[in-house]
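What follows is the residue order along each chain.
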Amino acid sequence: MQKQQPLSTLLLLLGLLCTLAACAGATSNQTQTDLTSTATPASTIPLPTLTNTISFTTTGQVSGAYTITSQVQTSKLRHGHKEFTIEVAHAGQSVIMAFYGYEGPRTYTLEGHSNGGDVRIDFGKNASAWDLPMTPGIACTVDIESDQPTPYTGLDRMKGSFTCPRLTSINPTAQHRSIAVSEGHFDLFIIVES
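By convention here, each chain's residues receive numbers from 1 onward along its written sequence. Local features are withheld for residues below a pLDDT of 70 in this predicted model, meaning they are given only at 70 or higher, and side-chain atom pairs are given and counted only at 80 or more; totals for whole chains, interfaces and linings count all residues. Processing note: side-chain calculations cover all non-hydrogen atoms of the structure and skip hydrogens and water entirely.

Colleague: Run through the pairing of strand β2 (residues 64-70), naming residues and quoting values.
Modeller: Here strand β1 (residues 52-60) runs beside β2; their pairing, made up of seven bridges, is antiparallel. Across the sheet, the residue bridging to T57 is A65, located in β2. When DSSP finds two or more bridges between a pair of strands, those strands are recorded as paired. Elements are defined by DSSP. Helices are runs of H or I of four residues or more, strands are runs of E of two residues or more, and each kind is numbered from the N terminus. Taking the residues that link successive antiparallel strands as the turn, the β1-β2 hairpin has three residues.

Colleague: Tell me about the pairing of strand β11 (residues 178-193), and please be specific about residues and values.
Modeller: Taken together, the seven bridges between β1 and β11 define a ladder with antiparallel strand orientation. Considered in β11, the bridge of G60 is made with I179. As paired elements, strand β3 (residues 76-78) and β11 share three bridges and run parallel to each other. What sits directly across from L77, in β11, is V192. By the bridge criterion, eleven bridges tie strand β10 (residues 155-169) to β11 in an arrangement that is antiparallel. Residue pairing across strands places T168 opposite S178, the latter belonging to β11.

Colleague: I'd like a rundown of the state of the cysteines, residues and numbers included.
Modeller: Each disulfide consists of one covalent bond between the sulfur atoms belonging to two cysteines. Cysteine sulfur atoms are paired as a disulfide whenever they come within 2.5 Å of each other. Here the structure, examined in full by the defined rule, presents one disulfide. There is a disulfide in this structure between C140 and C164, and the S-S distance comes to 2.1 Å. Negative torsions about the S-S bond denote left-handed disulfides, and the value of about 120° found for C140 with C164 makes this one right-handed. With C140 in strand β9 (residues 140-149) and C164 in strand β10, this pair connects stretches of sequence that are 24 residues apart. A single burial state applies to C140 and to C164, both of which are buried. Relative accessibility decides the category of a residue: with a 1.4 Å probe and only protein chains considered, values under 20% of the type maximum give buried, values over 50% give exposed, and everything between is partly exposed.

Colleague: Requested: an account of the side chain of S70, with residues and values cited.
Modeller: Its place among the elements puts S70 in strand β2. Counting of polar contacts relies on pairs of N or O atoms within 3.5 Å, with two restrictions inside protein: one atom must be capable of donating a hydrogen and the other of accepting it, and residues adjacent in sequence are counted only when both atoms are side-chain atoms. Polar side-chain contacts of S70 include one of 3.1 Å to the backbone nitrogen of V72. Here A89 takes part through its backbone oxygen, which lies 3.3 Å from a polar atom of the side chain of S70. Here a residue-residue contact requires only that any non-hydrogen atoms of the pair lie within 4.5 Å. In this view, S70 contacts L50, T51, N52, V88 and A89; residues no more than four positions away in its chain are not counted.

Colleague: Give a detailed account of the packing of aromatic side chains, specifying residues and quantitative values.
Modeller: Between 30 and 60 degrees the pair is tilted, below 30 it is stacked and above 60 it is edge-to-face, where a pair is any two Phe, Tyr or Trp rings, Trp via its six-membered ring, whose centres lie within 6.5 Å. All told, the structure shown has nine aromatic pairs when counted by the stated rule. Seen in terms of ring centroids, F56 and Y66 are 5.5 Å apart; in terms of plane orientation they differ by 25°. Their pairing is stacked. Pair noted here: F56 is in strand β1 and Y66 is in strand β2, with a separation of ten residues, a long-range link. Seen in terms of ring centroids, Y66 and F123 are 4.7 Å apart; in terms of plane orientation they differ by 50°. Their pairing is tilted. Of this pair, Y66 sits in strand β2 while F123 sits in the loop between β7 (118-122) and β8 (129-131), and the two are 57 residues apart along the sequence. An aromatic cluster is built from F56, Y66, F123, F162 and F186, whose rings are joined through pairwise contacts.

Quick look at the structure:
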C-alpha cells in the first residue's frame, strides 16, 4: 500500500499541473483578446506635433537670412493632377511655391508661362511681399531631394532646396524692385491627395 500512495500522489500532482497549464493558457488568450479589442486602429491615432521649416537668404531690396516654422499642415501634393503646393506661414510671414507637373524627387523649373510655377514670399504685415514675375525666361529652381511616406495615412515628409534669381515686388508702383533668393531649404510634411 505504501507504493500506491506515492503513485496516487504523483497522479494527483500531474493532474494539478495539467489544470494549471490549461488555466494559464486561457488567461493568456484572454489577455490577448482584451489587448486586441482595446487597441486603437492606426488611422485614428492623432498626429503628433509635426514642424515644417523653410529657410532662405535674400539679397537686393531686402537682404537677410530668414527661417519660418509652422506646425499647421497646409502644403499639398495632388498626384492625380500632378499639382504641387508648398505653403509655410507663421506670424504673418509666408512662403508659397506652386507648379504643375510633379513627378517625384528631381529638379524642377518653376515658370508661370510653362507650368503655372509661382513663388511668393511675404515678410509680414508692415513689410513687402515678392512674387515670381510672369515674364518669359525668369524662373525659380526647386530641387525635391526626398518625398517619403510617413506612418500617417496621406502624409509625406518632403525635403528640398530652392533658388530664385529674381522675385519682384507685388506693389504695382514698385515692380521694378526685386530680390534674389538663395540657400533656400525646406523640410516639411505635405498632405497627399489623389
